[in-house]
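# Observations on the model geometry
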Amino acid sequence: MPGKRAMPAMKVCIVGASGKLGRYMVRHALARGYRVVGVCRARSVGKLDEFKGRIEIVPGATNDRDVIRRAVAGCDGVLTVLFPWGRHHYSTGTAQAVLDFARPGARLVFSCGWHITRDGQDVYPPSLKTEERVARWITRIVPFVDIDDQIEACRRVFASDTRWTVVRGSDLEEGESEGLPVWSRHVGDPVLTSNRTRRVDFALFMVEALTHDELVHESPAIVGCRTSSALAHAGGMAPQGIAPRAHRG
Ligand SMILES: NC(=O)c1ccc[n+]([C@@H]2O[C@H](COP(=O)([O-])OP(=O)(O)OC[C@H]3O[C@@H](n4cnc5c(N)ncnc54)[C@H](OP(=O)(O)O)[C@@H]3O)[C@@H](O)[C@H]2O)c1
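Let us look at the structure shown here. Keep in mind it's a predicted model, so treat the numbers as computed, not measured. Along each chain, residue indices are assigned from 1 in the same order as the chain's sequence is written. In keeping with the model being predicted, local features are shown solely for residues with a pLDDT of at least 70 and side-chain atom pairs are shown and tallied solely at 80 or more, while totals for entire chains, interfaces and linings include all residues.

## Side note on the pairing of strand 1 (residues 11-15)
Worth spelling out the cut-off: Backbone-placed C-beta atoms define the burial measure: a residue is buried with 20 or more other C-beta atoms within 10 Å of its own, exposed with 12 or fewer, and partly exposed in between. Think of it this way: any DSSP run of H or I at least four residues long counts as a helix, any run of E at least two long counts as a strand, and we number them from the N terminus. When DSSP finds two or more bridges between a pair of strands, those strands are recorded as paired.
For strand 1, the tally of buried residues reaches 4 of 5 residues, placing the bulk of the element in the interior. As paired strands, strand 1 and strand 2 (residues 35-40) are joined by 5 bridges and run parallel to one another. Residue pairing in the sheet places Ile14 in a bridge with Gly38 of strand 2. Judged from the 4 bridges that link them, strand 1 and strand 4 (residues 77-81) form a sheet pairing that is parallel. Bridge pairing links Cys13 to Val78 in strand 4.

## Section: the site of the ligand
Basically, it comes down to this: Here, nearness means that the C-beta atom of a residue, built from backbone geometry, sits within 6 Å of the molecule or strand in question. In the scheme used here, Gly and all other residues not listed as nonpolar or charged are polar, with Ala, Val, Leu, Ile, Met, Phe, Trp, Tyr, Cys and Pro taken as nonpolar and Asp, Glu, Lys and Arg as charged.
Residues in contact with the ligand amount to 22 residues; listed here are only the nearest, Ser18, Gly19, Leu21, Ser44 and Gly169. Mapped by element, the contributors of at least two residues to the shell around the ligand are helix 1 (20-31) and strand 5 (107-113). For the shell around the ligand, a count of residues per class yields 9 nonpolar, 8 polar and 5 charged.

## Considerations on the nonpolar core
Definition in use: Here a nonpolar core is just a set of buried residues of the types Ala, Val, Leu, Ile, Met, Phe, Trp, Tyr and Cys, joined wherever their C-beta atoms sit within 7 Å. Here contacts are defined at the residue level, using C-beta atoms placed from the backbone and a cut-off of 7 Å between them.
Counting residues in each nonpolar core, the largest one holds 65 residues, and the members touching the most others are Val12, Cys13, Ile14, Met25, Val78, Val98 and Met206. Residue contributions to this core peak at 8 residues, all from helix 6 (residues 199-209). Apart from residues no more than four positions distant in its own chain, Cys13 is found in contact with Val37, Val39, Ala71, Val72, Cys75 and Val78.

## Describing helix 1
Applied cut-off: By definition here, a helix of n residues has an expected span of 1.5 Å times n minus one.
End to end, helix 1 covers 17 Å across 12 residues, agreeing with the expected 16 Å (1.5 Å per residue, within 8%). Residues Leu21, Gly22, Arg23, Tyr24, Met25, Val26, His28 and Ala29 constitute the buried set of helix 1. Those residues of helix 1 hidden inside the fold are in contact with strand 1, strand 2, strand 4, strand 5 and helix 6. Once helix 1 finishes, Gly33 follows within two positions and takes phi at roughly 85 degrees, a positive value.

## What about the environment of Cys154?
With respect to the helices, strands and loops of the structure, Cys154 is situated in helix 5 (residues 147-159). Sequence separation of Cys154 and Thr92 is 62 residues, and the distance between their C-alpha atoms is 8.0 Å.

## Comments concerning the packing of helix 1 against helix 6
How we decide: Fitted lines through C-alpha atoms give the axes, limited to the stretch in contact for helices. The angle between two N-to-C directions lies from 0 to 180 degrees. Should an angle fall under 35 degrees it is called roughly parallel, over 145 degrees roughly antiparallel, and 65 to 115 degrees roughly perpendicular, with every other angle called oblique. For a crossing to be left-handed, the near helix must be turned anticlockwise from the far one by less than a right angle; the clockwise case is right-handed.
Running from N to C, helix 1 and helix 6 cross one another at 55 degrees; their axes reach a closest spacing of 8 Å. Overall, the two elements helix 1 and helix 6 adopt an arrangement that is oblique. Viewed along their axes, helix 1 and helix 6 form a crossing whose handedness is right-handed. Mapping the contact onto sequence places Lys20, Leu21, Tyr24, Met25, His28 and Ala29 in helix 1 and Arg199, Val200, Phe202, Ala203, Leu204, Met206 and Val207 in helix 6. Partitioned by chemical class, the residues of the contact of helix 1 with helix 6 number 10 nonpolar, 1 polar and 2 charged.

Below, the structure is given as structure tokens:
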């Protein structure tokens, strides 16, 4: 309409853009017409070649406060891949920098797994508890990941007064998109029993969360919308939309 100015496109920062989840998020964000700033380690910049000229890249460690300060400047949303690498507080450093430097009011969406619990009300299947025990045992010997650091990173996010969402992924698999995952507030909800999500759809949920205020201060546990447990819950129809499919409180 003459005289009417188009709204500027949303600007989003993707922290951990070169990883598998990160690259899917870049694709979803560009498909929505968003302006994208990606943060990744300098050695991984080449993994973003397919987006050359379409995204801005800030190379550096994601827990480098100066890197994050520059990358999130002017962004309306920040999508952060929280990964518990090494023994140097990588997750907490990354999360804290995003919390400290994102502009007030920006939408902050963080990724993690079902093992993160916000209120202790999650009920985990025995297989998942065993997996965590084994992972902790292995990483005591070979300390390549620090699960407790990711737990602490999420605790800081939950305690912050920013506009956060912490998306908790089930076990992941590759493959074509099946659509937006289904979510519940608590692991243990029967809708989540299948414990499978396509990684591309995890990314879709992260990007979708940017524009859903009903997800502010939620930590949705997600599962693929075409898994048997999601379909059973929806009476055999693939569920649609971001509304939670079930609550256990
Ligand atoms: N894998 C699963 O089954 C699973 C299940 C549930 C939830 N999740 C969650 O999903 C998210 C993505 O996980 P993903 O498994 O799919 O992996 P991913 O997307 O490939 O992400 C791994 C990230 O870690 C970075 N990285 C790799 N080695 C590193 C190092 N030595 N030091 C610092 N950074 C390093 C990668 O950056 P480079 O590109 O620079 O290597 C990349 O950004 C995480 O939040 C995870 O907690 C995963």
